[in-house]
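Reading the structure
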Amino acid sequence: MKKRTFKKWLFPAAVASLVFLSACGGGATPAAESGTGGASKEPIKVGAIFSLTGPNSPLGVPEKQAVELLVKEINGAGGVDGRPVEVIFEDDKSDNTEAVKAIKKLASKEKVVAVLGSSGSGPSLGMAEYAAAEKLPLISMAAADQITNPVRAGIYKTPHTDVHGTKRIFKYLKEKGITKIATLNDSNPYGSGWTTQLQKYAPEYGITIVAEEKYGTKDPSMSSQLTKVKGTDAQALIVAGTNPGPATIVKEAKQLNLTIPIISSHGSANSKFLELIGNSGEGVLMVAGKLLIPEQVAADDPQSAIIKKFVEGYQAAYNTQPDGFAGYGYDGLNLLVEGLKQAGSDASKLGEVLEKVKYVGVTGEFKFTTDDHNGLTEDSMIMVEVKDGKFQLVQ
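Residues numbered from 1 in each chain as written. Predicted model: local features only at pLDDT ≥ 70, side-chain atom pairs only at ≥ 80, totals over all residues. Heavy atoms only, no water.

It is worth spelling out the overall build of the protein at this point. Assigned secondary structure in the protein consists of 11 helices and 14 strands. Here the protein, with 395 residues, has 57% of them falling under the buried criterion. When contacts within the protein are restricted to residue pairs at least 6 apart in sequence, those whose partners lie at least 24 apart make up 70%. Taken as a whole, the protein presents about 15900 Å² of accessible surface, with 50% of it coming from carbon and sulfur. (Helix = DSSP H or I, 4+ residues; strand = E, 2+ residues; numbered from the N terminus. Buried < 20%, exposed > 50% of the residue type's maximum accessible area, 1.4 Å probe, protein only. Contact = heavy atoms within 4.5 Å. Areas by Shrake-Rupley, 256 points an atom, 1.4 Å probe, with all protein chains shown as cover.)

See the structure below:
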């Protein structure tokens, strides 16, 4: 196995000058340049594989933009010990095979020290298998629980998992006295992961699943599945997928006069969802991270400062508000930088030292351990409702 090592460019005396987020501060702050010190100007190469085209592009594009924004901040402040961070982007085209080809290219040709990505669960699972075998640190932006469960050395992820989302939704349903649900999930790894968790945790919350339906990622209509759901005694419908599928379901449910509450997973938690559902979405519920509603985050919330900083910077750069997917990319690079800080001059330890990282991010408060390579809990997730064309926090 080929060992990846840094060229003695990151040593403890330089740590204070890096652009890092402290776990308590929760924000990337400019670092002073570390001076000459004989440091090499050779860039630190990081790979980033996102879905820039294809069905997952609404996820991948903001992830790329967030990473580019943070890289500019790091390099504008002098880089890492005087060395610029170079992120080499690849497009997996929302395809599992393309994702694996991309990570192999980054590892063998570009000699990157770590990889961010991918945007989707399917591509990420293939990448994680390769990365684990090659001992190449990987931080995924996808939600499926099986990316980090079981734990594999060097494999991490930034989004809340389908387990977190399931528990948060079920907690809400229990509060509302809802005991019977139907599910309509994408048949891809993301949706299938949700199906598994919904089935697993339903009994714990006193919930019965009276109908389970699936759809294909590229299916243009889900009216037949919705008709079946309408014929049951389900009190709510849980939808798990990424756009445009969930938006199509919402619009067709209204056309079919399906009046039970619809609750979407965080896979469609972005402004694109609002754009796609149009006037059909009033009252639709969704589980999400706090970044979806930055102006509604309490000032004393531990995430408040970093969310505010990120939103202001992203809006200034791209003239739009960042969504949770942008946050996954932003947190991913910040977590990687924290790992580089703790790895010192030995790149072979990067995957291992990430287990010790504690970081307050825009997605949540990350606390990695040897048994948890996601480091989040359902407590940092919220329920939102579409009101007047906007996401509103459900109190």
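So, next bit.
Viewed as axis vectors pointing N to C, helix α1 (residues 57-76) and helix α9 (residues 304-318) meet at an angle of 100°, and their least axial separation amounts to 11 Å. On the basis of their axis angle, the class for α1 and α9 is roughly perpendicular. Each of Pro 62, Gln 65, Ala 66, Glu 68, Leu 69 and Glu 73 in α1 lies in contact with α9, whose residues at this interface are Lys 309, Phe 310, Gly 313, Tyr 314, Ala 317 and Tyr 318. Classifying every residue of the contact of α1 with α9 by side-chain character gives seven nonpolar, two polar and three charged. (Axes fitted to C-alpha atoms, helices over the stretch in contact; angles between N-to-C directions. Parallel < 35°, antiparallel > 145°, perpendicular 65-115°, else oblique. Nonpolar A, V, L, I, M, F, W, Y, C, P; charged D, E, K, R; others polar.)

With respect to the helices, strands and loops of the structure, Ile 238 is situated in strand β8 (residues 236-240). Among the residues examined, Ile 238 registers a relative accessible area of 0% and is labelled buried. Measuring from C-alpha to C-alpha, the distance between Ile 238 and Met 286 comes to 9.2 Å, with 48 residues separating the pair along the chain. Excluding its chain neighbours within four sequence positions, the residues that come into contact with Ile 238 are Ile 169, Phe 170, Leu 173, Ile 181, Ala 182, Thr 183, Leu 184, Asn 185, Leu 198 and Ile 263.

Moving on: the nonpolar core. Residues Leu 116, Ile 139, Phe 310, Leu 333 and Leu 336 are the most contacted members of the largest nonpolar core, which totals 46 residues. Elements supplying a minimum of two residues to this core: β1 (44-50), α1, β2 (85-91), α9, α10 (324-343) and α11 (350-353). Of the residues forming this core, the biggest block, 10 residues, is contributed by α10. Sequence-distant contacts of Phe 310, that is, excluding residues within four places in its chain, are made with Ala 66, Leu 69, Leu 291, Pro 322, Ala 326, Gly 327, Tyr 330 and Val 362. Counting 30 residues, the second largest nonpolar core, distinct from the first, contains Leu 226, Leu 237, Val 239 and Leu 274. (Core = buried A, V, L, I, M, F, W, Y, C linked by side-chain atoms within 4.5 Å.)

Attention now goes to the confidence of the model for the protein. Close inspection of predicted coordinates is inappropriate in any region flagged by low pLDDT. Looking at the protein, the pLDDT average stands at 89 and 89% of residues meet or exceed 70. Confidence drops under pLDDT 50 across residues 1-39; counting only partners more than four residues distant or on other chains, this segment forms 82 contacts. (pLDDT = per-residue confidence, 0-100.)

With 14 residues, helix α4 (residues 162-175) should reach 20 Å at 1.5 Å per residue; the first-to-last C-alpha distance of 20 Å fits that figure. In terms of burial, α4 is a largely internal element, 11 of the 14 residues being buried. The complete set of buried residues in α4 reads Asp 162, Val 163, His 164, Gly 165, Thr 166, Lys 167, Arg 168, Ile 169, Phe 170, Tyr 172 and Leu 173. As for α4, its buried residues are in contact with β6 (180-186), α5 (189-201), β8, β9 (262-264), β10 (285-289) and β13 (381-387). Taking the backbone nitrogen of Val 163 as reference, a side-chain oxygen 3.2 Å away marks Thr 161 as the first, capping residue of α4. Two residues or fewer past α4, Gly 177 is found with a positive phi of approximately 75°. (Expected span 1.5 Å × (residues − 1). Polar contact = N/O pair within 3.5 Å; in protein donor to acceptor, adjacent residues only side chain to side chain.)

In any sheet, the strands associate via hydrogen bonds between backbone groups, in a parallel or an antiparallel arrangement. Ordered in space as β2-β1-β3-β4-β5, the five strands form an open sheet in which the pairing is parallel. In this open sheet, the two strands that pair with only one neighbour each are β2 and β5 (155-157). Recorded for the sheet is a direction-independent mean angle of 20° between the axes of neighbouring strands. Where β1 and strand β3 (residues 115-117) come together, three bridges link them in parallel fashion. Residue pairing across strands places Gly 47 opposite Val 115, the latter belonging to β3. Strands β1, β3, β4 (138-140) and β5 of the sheet are contacted by helix α3 (residues 121-134), whose axis makes an angle of about 165° with β4. (Pairing = 2+ DSSP bridges.)

The seven strands are arranged β7-β6-β8-β9-β10-β13-β14 in an open sheet whose pairing can be described as mixed. Edge positions in the open sheet fall to β7 (208-215) and β14 (390-393), since each of these has one partner strand only. Between one strand axis and the next, the sheet turns through 30° on average, direction left out of account. In the sheet, β13 pairs with β14 via four bridges, with the strands oriented antiparallel. Residue pairing for β14: Glu 385 is matched across the bridge by Gln 392.

Here we come to the side chain of Lys 167. Within the fold, Lys 167 resides in helix α4. Dropping the residues within four chain positions of it, Lys 167 is found in contact with Tyr 201, Tyr 205 and Glu 378.

Within helix α6 (residues 223-230), burial applies to Gln 225, Leu 226 and Val 229. On an axial view of α6, the arc spanned by its buried residues comes to 95°, and they lie on one face. Looking at the buried side of α6, the elements it contacts are β6, β7, β8 and α7 (245-255). (Arc of directions from axis to C-beta.)

Here the residue pair Asn 149 and Pro 150 is connected by a cis peptide bond, since its omega of 10° sits within 30 degrees of zero. In this fold, Pro 150 is placed in the loop between β4 and β5. That bond from Asn 243 to Pro 244 is cis: its omega, 15°, falls within 30 degrees of zero. The residue Pro 244 is located in the loop between β8 and α7 in this model. Phi at Ser 94 takes a positive value of approximately 60°, unusual for a residue other than glycine.

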